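Residue-level listing of the chains:
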Protein chains: 2
Amino acid sequence: MHLILLSGGSGKRLWPLSNDVKSKQFLKVLPGPNGKHESMVQRVYRQLQEVGGWDSITVAAGASQKDQLGLQLGEEVNIVIEPERRDTFPAIALACSYLHSERGVGLDEAIAVLPVDPFVELDYFKNISKFEALIKDDPKGLVLMGAAPTIPSEKYGYIIPKTKDNVSEVEHFKEKPDTETAQILIDKGALWNCGVFGLKINYITEILKEKYQIEKLNYKNMLDSFASLIKTSFDYEVVERAEKITVLRYEGQWKDLGTWETLTEEMEFSISGKARADDSCRNIHVINELGIPIITMGINDAVVVASRDGILVAEKGETMRLKEFISDFTSRPMHEKRRWGEYEVIDHINYDDGSEALTKKLFLLKDRQISYQYHHNRKEIWTILRGEGLLYLDGEKIVVTAGDVVKISEGQKHGMRALTNLEIIEVQLGNPLIEEDIVRLEMEW
Amino acid sequence: MHLILLSGGSGKRLWPLSNDVKSKQFLKVLPGPNGKHESMVQRVYRQLQEVGGWDSITVAAGASQKDQLGLQLGEEVNIVIEPERRDTFPAIALACSYLHSERGVGLDEAIAVLPVDPFVELDYFKNISKFEALIKDDPKGLVLMGAAPTIPSEKYGYIIPKTKDNVSEVEHFKEKPDTETAQILIDKGALWNCGVFGLKINYITEILKEKYQIEKLNYKNMLDSFASLIKTSFDYEVVERAEKITVLRYEGQWKDLGTWETLTEEMEFSISGKARADDSCRNIHVINELGIPIITMGINDAVVVASRDGILVAEKGETMRLKEFISDFTSRPMHEKRRWGEYEVIDHINYDDGSEALTKKLFLLKDRQISYQYHHNRKEIWTILRGEGLLYLDGEKIVVTAGDVVKISEGQKHGMRALTNLEIIEVQLGNPLIEEDIVRLEMEW
């Protein structure tokens with residue numbers, strides 16, 4: 001069986017730790033093996049290795065997640081980058097085309113699609129490995145996984161099976177019912193929809209043929225025509241139109257660590273980063289990514305989270321509406337991990353006339369580089385704080401070291417390779433200052 | 001009558017808004033006239049002008065407070081700078097010597113000593129103006145002011161008067177009694193000691209003669225010998241040894257805005273700076289001096305305060321022990337207002353080998369300057385963000401503007417005059433990076 005992991009995600013529900021480029025699945029806050037912390041996506045990937053027996057694992061993600069996935073899962077992970085975010089059906093179709101035309105996977109082979117960040121036990125993945133047998137002889141076979149509900153939550157989709165057997169045909173679905181209805185459904189034996197789908201690749205190709213006139217499943221073509229695919233979910237395009245659906249019951253723990261309440265329940269330490277709580281604090285979680293200290297006194301049942309993006313102080317149980325409450329926040333990401341290292345925005349000024357001044361601290365990892373590039377609308381001034389780098393400026397190579405300063409004008413080509421770990425203060429001046437104002441050039445280091 | 005205002009203060013009780021160079025009396029958080037905010041020292045100074053009739057007003061302060069006092073009270077304010085902090089008796093003796101030898105004030109004239117930051121009504125100052133008549137014919141006359149207690153607080157000193165008259169001789173004192181004793185004292189008619197003293201200058205000169213063999217009250221000599229004076233309080237040196245003390249009753253409001261609880265009671269707005277509280281927050285005060293947003297959800301009866309020094313999240317009623325709780329914090333001030341403008345430390349890295357990298361944002365006010373100076377142990381790199389400046393570098397004058405970069409080596413002489421308002425990112429590299437590593441040179445702009 002071939003696995004397709006969907007790596008979605010806005011960063012607003014776990015703000016300010018997550019942001020648009022650092023989605024919640026990448027936060028290294030869960031206790032992992034050997035005393036190290038791991039992220040949600042690392043946990044799932046590790047669990048998949050432990051269960052084993054997969055033909056392949058492919059992650060479908062947006063371009064902004066590529067560096068994070070490489071850093072957290074290793075460079076050898078298969079990643080299919082969606083040219084733009086267009087909901088789950090196009091993402092799955094793209095991943096299928098990759099498997100078929102690039103990896104030679106037959107159209108009759110089974111795939112399982114799952115989210116990249118469920119907080120579950122190994123049985124969850126063992127269940128997925130049983131999907132293949134269930135759809136073996138049925139080109140229109142579709143399998144879902146249902147978890148045993150613990151509370152009549154209004155947050156989930158409910159699957160009502162025909163029988164109480166481990167494997168059952170599905171009678172019908174109910175999306176996010178009110179609490180009362182949820183309780184009635186649970187009493188009838190309903191299961192939470194885990195968002196896992198098992199099917200054959202040609203189930204997808206048939207839909208592409210019928211609805212999109214795409215005759216041949218080809219990765220390059222799919223990349224080119226991706227923007228023309230309708231933004232539609234797999235649920236809508238496949239599940240809701242399916243003639244027959246099978247559900248496999250999963251009895252273990254299934255949690256969505258998508259809010260501060262659920263995430264902090266799984267965290268090992270109540271304080272991380274530069275922080276101090278007095279004896280009168282009870283049931284608090286303090287997470288501090290800033291260099292300045294946080295002091296808490298007399299605070300109970302609360303989360304305090306600080307990053308370069310902002311500071312959240314919330315009573316546990318009150319953050320469900322966080323995403324809506326900050327939905328108008330449009331600020332640029334203030335910290336980001338990249339393949340070459342990471343950066344933090346340490347200061348940002350917007351002037352009345354529209355021009356901006358932005359100061360970043362850059363950490364480059366030894367032997368990594370910032371690509372050879374130029375910007376249309378900004379100058380940059382680099383002050384080397386620490387380490388040694390090979391600067392490439394207008395075709396010339398220069399070794400730079402602590403105390404050196406590099407002035408880069410608008411349009412001037414520049415790149416930097418870290419000869420040792422390298423720290424730089426970068427001042428950007430221009431209008432507008434956006435990450436997208438970058439032209440990357442080819443070069444050999 | 002001549003007034004001596006004592007400007008003392010560690011910054012720890014109102015951390016992180018106050019710090020060692022920005023004591024609580026300088027925080028502009030109180031509602032002032034014309035809709036503007038004023039600081040405690042500004043409020044007191046304004047009230048003193050409103051009452052009027054003083055012969056002179058002199059502020060005794062530490063060197064680090066000089067710029068703040070000039071900025072907040074106007075450059076014409078009389079300031080006596082203590083060469084080092086040595087408690088209240090040496091400070092008052094120094095101020096007396098200044099009045100006598102520099103301002104020609106006679107030894108027989110009356111002075112009143114008061115703190116720079118009581119939160120009181122005008123009657124408080126009107127009462128002080130009555131001190132003079134009470135000690136007119138008595139070279140050993142000593143007058144205190146007593147406020148009517150509102151609660152049996154353990155925080156204050158209690159004065160027990162002989163009678164319940166407005167003016168009475170003092171029977172005895174009780175420093176910080178427990179609540180039970182305080183209630184008994186209040187029932188007997190005790191008053192809170194407001195820390196105001198009225199006496200004649202020669203009361204001080206007699207003590208200086210007897211105990212310190214200082215025969216002549218001279219400002220220059222006192223400055224020179226200041227370090228040899230014993231660190232001792234006026235209470236200990238004068239009040240506790242006085243043969244006869246008079247207390248004047250003050251019936252108005254008297255508050256010490258020395259904790260977040262008492263300060264926030266007097267603040268006009270519950271939210272200042274970039275912050276947003278959801279509807280479920282009750283009785284909170286959020287003060288944000290950072291550029292990143294603070295979000296509060298479901299938090300009650302709390303203060304949330306953020307500055308470049310740190311972040312405090314505390315239940316109201318729990319910050320009394322703040323000073324002790326952070327007493328080991330020794331970090332450098334991260335933001336400071338100066339005569340030439342202000343700075344913020346936006347990044348600070350301490351490396352394992354003892355060297356440091358520190359990034360500051362400087363705001364220079366038009367026509368002000370950073371003095372001509374050099375540093376022994378650090379290089380500085382200035383990137384001009386905005387405005388125009390006259391750089392003085394090794395004796396040469398150069399006009400600099402946005403995008404220009406100035407590299408200043410160890411030992412290299414440099415200064416900057418702002419031709420317009422001027423913004424600079426300064427990167428310091430060296431070991432150690434301390435504000436004291438500065439040699440100021442004379443120059444004419």
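Right above here is the structure, for reference.
Residues numbered from 1 in each chain as written. Chains lettered and ligands numbered in written order. Predicted model: local features only at pLDDT ≥ 70, side-chain atom pairs only at ≥ 80, totals over all residues. Heavy atoms only, no water.

Caption draft 1: Geometry of the interface of chain A and chain B. If you look at the interface, chain A gives 59 residues, while chain B gives 59 residues. Around 4,700 Å² of area is buried between chain A and chain B when both sides are counted, 65% of it from carbon and sulfur atoms. Where chain A touches chain B, the interface holds 10 salt bridges. Between Arg386 of chain A and Asp353 of chain B there is a salt bridge whose closest N-O contact spans 3.3 Å. (Contact = heavy atoms within 4.5 Å. Buried area = accessible area lost by both parts, 1.4 Å probe. Salt bridge = Lys/Arg side-chain N within 4 Å of Asp/Glu carboxyl O.)

Caption draft 2: View of empty space enclosed by the protein. Tallied over the entire structure, the rule returns one cavity of 30 Å³ or more. Of the voids in this model, the largest cavity is the one considered here, and its volume is about 150 Å³. Partitioned by chemical class, the residues of the lining of the largest cavity number three nonpolar, five polar and four charged. (1 Å grid on protein atoms, 1.4 Å probe; cavity = no way out; pocket = protein on both sides within 12 Å on 5 of 7 lines; lining within 4 Å. Points joined across faces, edges and corners; volume = space filled by probe spheres on them. Nonpolar A, V, L, I, M, F, W, Y, C, P; charged D, E, K, R; others polar.)

Caption draft 3: A look at the environment of Lys220 of chain B. Mapped onto the fold, Lys220 of chain B is located in helix α8 (residues 219-225). Between the C-alpha atoms of Lys220 of chain B and Leu14 of chain B, which are 206 residues apart in sequence, the distance is 35 Å. (Helix = DSSP H or I, 4+ residues; strand = E, 2+ residues; numbered from the N terminus.)

Caption draft 4: Local environment of the nonpolar core. Core analysis: the biggest nonpolar cluster contains 64 residues, and Ile311, Leu364 and Met416 of chain A together with Ile311, Leu364 and Met416 of chain B have the highest contact counts within it. Once residues within four sequence positions are removed from consideration, Ile311 of chain B is found in contact with Leu290, Ile292, Pro293, Ile294, Ile295, Ala306 and Ile311 of chain A together with Trp15, Pro16, Val305 and Ala306 of chain B. (Core = buried A, V, L, I, M, F, W, Y, C linked by side-chain atoms within 4.5 Å. Buried < 20%, exposed > 50% of the residue type's maximum accessible area, 1.4 Å probe, protein only.)

Caption draft 5: The arrangement of the relation of the copies chain A and chain B in detail. Rotating chain A by 180° about the axis while translating it 0.0 Å along that axis superimposes it on chain B, leaving an RMSD of 0.2 Å. In the structure described here, the two chain copies are related by an operation that fits a two-fold rotation axis. Taking C-alpha positions as the reference, the residue of chain A nearest the rotation axis is Ile346 of chain A, at 3.0 Å. The residues that chain A uses at the interface reappear at the interface of chain B in 100% of cases, marking a shared surface. (Least-squares fit on C-alpha atoms with pLDDT ≥ 70 in both.)

Caption draft 6: How the structure looks around the sheet that holds strand β15 (residues 275-277) of chain B. The strand order across the open sheet built from six strands is β14(A)-β16(A)-β18(A)-β19(A)-β17(B)-β15(B), with neighbouring strands paired in mixed fashion. Two strands bound the open sheet, and with one partner strand each, they are β14 (271-272) of chain A together with β15 of chain B. When β15 of chain B meets strand β17 (residues 294-297) of chain B, the two strands line up parallel, connected through three bridges. In the sheet register, Ala275 of chain B faces β17 of chain B, and the bridge partner there is Ile294 of chain B. (Pairing = 2+ DSSP bridges.)

Caption draft 7: Region of the structure containing the packing of helix α3 (residues 88-102) of chain A against helix α7 (residues 201-212) of chain A. Residues and elements named next belong to chain A. Between α3 and α7, the least distance of the axes is 10 Å, while the angle of their chain directions is 115°. Considering the relative orientation of α3 and α7, their crossing is left-handed. Counted together, Phe89, Ile92, Ala93 and Cys96 of α3 and Ile201, Ile204, Ile207, Leu208 and Tyr212 of α7 form the full contact between these two elements. Residue composition of the contact of α3 with α7, grouped by class: nine nonpolar, no polar and no charged. (Axes fitted to C-alpha atoms, helices over the stretch in contact; angles between N-to-C directions. Left-handed = near helix turned anticlockwise from the far one by under 90°.)

Caption draft 8: Here's a closer look at the pattern of salt bridges. Following the criterion strictly, the structure yields 60 salt bridges over all chains and no others. Residues Asp278 of chain A and Arg321 of chain B are paired through a salt bridge, measuring 3.0 Å at the closest nitrogen-oxygen approach. In this pair, Asp278 of chain A sits in the loop between β15 (275-277) and β16 (282-288) while Arg321 of chain B sits in the loop between β19 (310-315) and α11 (322-325), so the two residues belong to two different chains. Residue Asp278 of chain A is classed as buried on the basis of its relative accessible area of 7%. The partner of Glu318 of chain A in a salt bridge is Arg321 of chain A, with the nearest N and O atoms 3.7 Å apart. The exposure class assigned to Arg321 of chain A is partly exposed, which follows from its relative accessible area of 38%. Taken together, the shared-partner salt bridges connect Asp67, Glu75, Glu336, Arg338, Arg339, Lys360 and Glu435 of chain A into one network.

Caption draft 9: The arrangement of the side chain of Ser233 of chain B in detail. All names here are of chain B. In this structure, Ser233 sits in the loop between α8 and α9 (234-237). For Ser233, the side chain forms a polar contact with the main-chain nitrogen of Tyr236, separated by 3.1 Å. In this structure, Ser233 is in contact with Asp87, Thr88 and Phe89, ignoring residues within four places of it in sequence. (Polar contact = N/O pair within 3.5 Å; in protein donor to acceptor, adjacent residues only side chain to side chain.)

Caption draft 10: Quick look at the sheet that holds strand β16 (residues 282-288) of chain B. Strand order in the open sheet formed by six strands is β15(A)-β17(A)-β19(B)-β18(B)-β16(B)-β14(B), and the pairing between neighbours is mixed. The open sheet has two free edges, formed respectively by β15 of chain A together with β14 (271-272) of chain B, since each of these has just one partner strand.

Caption draft 11: Quick peek at helix α2 (residues 66-73) of chain B. Residue and element names in this part refer to chain B. The buried count for α2 comes to six of eight residues, which makes it a mostly enclosed element. Asp67, Gln68, Leu69, Gly70, Gln72 and Leu73 are the residues of α2 that are buried. Packing partners of the buried residues in α2 comprise α1 (40-51), β4 (56-62), β5 (78-82) and β20 (335-338). Remark: Gly74 follows α2 within two positions and exhibits a positive phi of approximately 100°.

Caption draft 12: How the structure looks around the side chain of His375 of chain A. Residues and elements named next belong to chain A. Residue position: His375 is located in the loop between β23 (369-374) and β24 (378-386). We classify His375 as buried; its relative accessible area is 1%. Here the side chain of His375 touches Gln373 through a polar contact of 3.3 Å, side chain to side chain.

Caption draft 13: Seen up close, the packing of aromatic side chains. Under the defined criterion, the tally for this structure stands at 20 aromatic pairs over all chains. Here Trp15 of chain B and Phe329 of chain B contribute two aromatic rings whose centre-to-centre distance is 5.7 Å and whose plane-to-plane angle is 80°, an arrangement assigned as edge-to-face. Within this pair, whereas Trp15 of chain B is found in the loop between β1 (2-7) and β2 (30-31), its partner Phe329 of chain B is found in the loop between α11 and β20, the two being separated by 314 residues in sequence. Overall, Trp15 of chain B belongs to the buried group, its relative accessible area being 6%. With centroids separated by 4.5 Å and ring planes inclined at 45°, the aromatic side chains of Phe197 of chain B and Phe234 of chain B adopt a geometry described as tilted. Highlighted residues: Phe197 of chain B in strand β11 (residues 191-200) and Phe234 of chain B in helix α9, separated in sequence by 37 residues. According to the relative accessible area criterion, Phe197 of chain B is buried, its value standing at 5%. Through a chain of ring-to-ring contacts, three or more aromatic side chains come together here, namely Tyr124, Phe125 and Tyr250 of chain A. The ring of Phe119 of chain A is capped by Arg43 of chain A, whose NZ or CZ atom sits 3.9 Å from the centre of that ring. (Phe/Tyr/Trp six-rings, centres within 6.5 Å; stacked < 30°, edge-to-face > 60°. Lys NZ or Arg CZ within 6 Å of the ring centre and 35° of its normal.)

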